[in-house]
Amino acid sequence: MNQPPPSSTAFEDSFAAFGDVEVVPLNRIEKVVAKTMARNAATIPHVTHHDEADMTTVEEARARLAADGRVISPLAFVVKAVVAALRAHPRLNSSLDAEGGRLVLKNYFNIGVAMDTPHGLLVPVLRGCDGKSVIEIASEISEVSARARDKGLPLSEMTGGNFSISSLGGIGGTGFTPIINSPDVAILGLCRTRVQPVWDGATFLPRKVIPLSLSYDHRVVNGVEAARFTRTVAAALAEDALEWAGI
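What you see is a predicted model, and the numbers here were worked out from it, not measured in a lab.

A. Local environment of the overall build of the chain. Helix and strand counts for the chain come out as 6 helices and 11 strands. Seen through its principal axes, the chain has C-alpha atoms that stretch 65 × 45 × 40 Å. Out of the 247 residues belonging to the chain, those deemed buried represent 38%. Considering only residue pairs separated by 6 or more positions, the chain has 64% of its internal contacts joining residues 24 or more positions apart. When the accessible surface of the chain is summed, it comes to about 13400 Å², and 56% of that surface belongs to carbon and sulfur atoms. Side-chain charges of the chain comprise 24 positive and 27 negative groups, with the mean position of each set lying 3 Å from the other.

Written as structure tokens, this is what we have:
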């Protein structure tokens, strides 16, 4: 016969028996995120593909824009690259129905951007990213991030996305396994850009490289398509950044 779960007091006391403890209740957002993460991790067969992208051209574009007084986050360029990759690989721009029998392919590009705030993890959705410039996307990220940190965001600003990005670039790391934000079928994780030698066929050149971690729903996306997707993201970052910046 199944035993009932221990009471909160019994759970806390089981640790207090070994030393001093402090009990910190989760806020409402943290509780919702915890339940959602547990459900997504349990119901979606996650696979994570790790890759790298050359950000040297992106950093050149950012430096030129900064010289004109426009400070643009690298994340804005990644959003543009993701849109290009979703166009080329439409199965990653889809949702699978609950029965696993139908796939909804989406013809819009609303990108969720995970943000760490004092209220908990929030994922505001940037809508219509295919029709926005990298400068417009960067401005929107900055504006929504400030509001998210200040007083949180309404649910209406965190729904309707079709792909998510989770960036740890401001902290560090070389790779991780982000959990898919259902009903999306994939999420891209970013870590810190670092300088490393890259062989160009004749010599090693110092290039700025960012680690990419793509978690995908293996019911919808296979490993080959996931690898091609990250290669498309990388190619767009290397080849199109100056054009996106209007340079």
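Once you've had a look at it, read on.
B. Molecular detail of the pattern of salt bridges. For the structure shown, the criterion picks out 12 salt bridges. For the salt bridge of Glu 60 with Arg 64, the shortest nitrogen-to-oxygen distance reads 2.6 Å. Taken together, the residues span about one helical turn, with Glu 60 and Arg 64 both in helix H3 (residues 56-67) at a distance of 4 residues. Look at Arg 64 and you get partly exposed, because its relative accessible area is 40%. Ionic pairing is found between Asp 68 and Arg 70, a salt bridge with its closest N-O pair at 3.8 Å.

C. Spatial organisation of the side chain of Asp 217. Take Asp 217: it is sitting in strand E11 (residues 204-217). A residue is classified by how much of its surface remains accessible, and Asp 217, at 2% relative accessible area, is buried. Ignoring anything within four residues of it in the chain, the contact list for Asp 217 reads Ile 44, Pro 45, Ile 180 and Val 185.

D. Examining the packing of aromatic side chains more closely. Applying the stated criterion to the full structure yields 3 aromatic pairs. Measuring from ring centre to ring centre gives 5.1 Å for Phe 11 and Phe 15, while their planes differ by 80°; the resulting arrangement is edge-to-face. You can see Phe 11 and its partner Phe 15 sitting in helix H1 (residues 8-16), 4 residues apart, about one turn around the helix. A residue is classified by how much of its surface remains accessible, and Phe 11, at 48% relative accessible area, is partly exposed. With a relative accessible area of 46%, Phe 15 lands in the partly exposed category. Here Phe 163 and Phe 229 contribute two aromatic rings whose centre-to-centre distance is 5.5 Å and whose plane-to-plane angle is 35°, an arrangement assigned as tilted. With Phe 163 in strand E8 (residues 163-167) and Phe 229 in helix H6 (residues 223-244), this residue pair connects regions lying 66 residues apart in the sequence. The class of Phe 229 is buried, set by a relative accessible area of 0%.

E. Representation of the pairing of strand E10 (residues 194-199) in the model. Relative to E11, E10 is paired through 6 bridges, and the arrangement is antiparallel. Note on E11: the bridge partner recorded for Arg 194 is Val 209.

F. Spatial organisation of the nonpolar core. By size, the foremost hydrophobic cluster in this structure holds 53 residues, and its most contacted members are Phe 77, Ile 111, Phe 163, Ile 165, Leu 214 and Leu 237. Counting only elements with at least two residues in this core, the list comes to H3, helix H4 (74-88), strand E4 (111-113), helix H5 (134-151), E8, strand E9 (186-190), E11 and H6. Ranked by residue count, the leading element in this core is H4, at 10 residues. Setting aside residues up to four positions removed in sequence, Leu 237 forms contacts with Ala 53, Asp 54, Met 55, Thr 57, Val 58, Phe 77, Val 78, Ala 81 and Trp 244.

G. Highlighting the UniProt feature "domain: 2-oxoacid dehydrogenase acyltransferase catalytic" (unreviewed entry) in the chain. Per the UniProt entry, the sites bearing "domain: 2-oxoacid dehydrogenase acyltransferase catalytic" (unreviewed entry) are residues 20-238 in this numbering. Secondary structure across residues 20-238 divides into 35% helix and 26% strand, with the first and last C-alpha atoms of the span separated by 53 Å.

H. Representation of the layout of surface pockets within the structure. For the second largest pocket, the calculated volume is near 180 Å³. Among the elements that line the lining of the second largest pocket, the one with the most residues is helix H2 (residues 28-43), at 3 residues.

I. Local environment of unusual backbone geometry. Cis rather than trans, the peptide bond between Ser 182 and Pro 183 has omega equal to 15°. Structurally, the position occupied by Pro 183 is in the loop between E8 and E9.

J. Inspection of the side chain of Thr 117 at higher detail. In this fold, Thr 117 is placed in strand E5 (residues 115-117). We classify Thr 117 as buried; its relative accessible area is 8%.

Conventions and cut-offs
Residues numbered from 1 in each chain as written. Predicted model: local features only at pLDDT ≥ 70, side-chain atom pairs only at ≥ 80, totals over all residues. Heavy atoms only, no water. Helix = DSSP H or I, 4+ residues; strand = E, 2+ residues; numbered from the N terminus. Buried < 20%, exposed > 50% of the residue type's maximum accessible area, 1.4 Å probe, protein only. Contact = heavy atoms within 4.5 Å. Areas by Shrake-Rupley, 256 points an atom, 1.4 Å probe, with all protein chains shown as cover. Lys, Arg positive; Asp, Glu negative; His and termini not counted. Charge placed at Lys NZ, Arg CZ, Asp CG, Glu CD. Salt bridge = Lys/Arg side-chain N within 4 Å of Asp/Glu carboxyl O. Phe/Tyr/Trp six-rings, centres within 6.5 Å; stacked < 30°, edge-to-face > 60°. Pairing = 2+ DSSP bridges. Core = buried A, V, L, I, M, F, W, Y, C linked by side-chain atoms within 4.5 Å. UniProt positions renumbered as here; feature names shortened; annotations may be inferred. 1 Å grid on protein atoms, 1.4 Å probe; cavity = no way out; pocket = protein on both sides within 12 Å on 5 of 7 lines; lining within 4 Å. Points joined across faces, edges and corners; volume = space filled by probe spheres on them.

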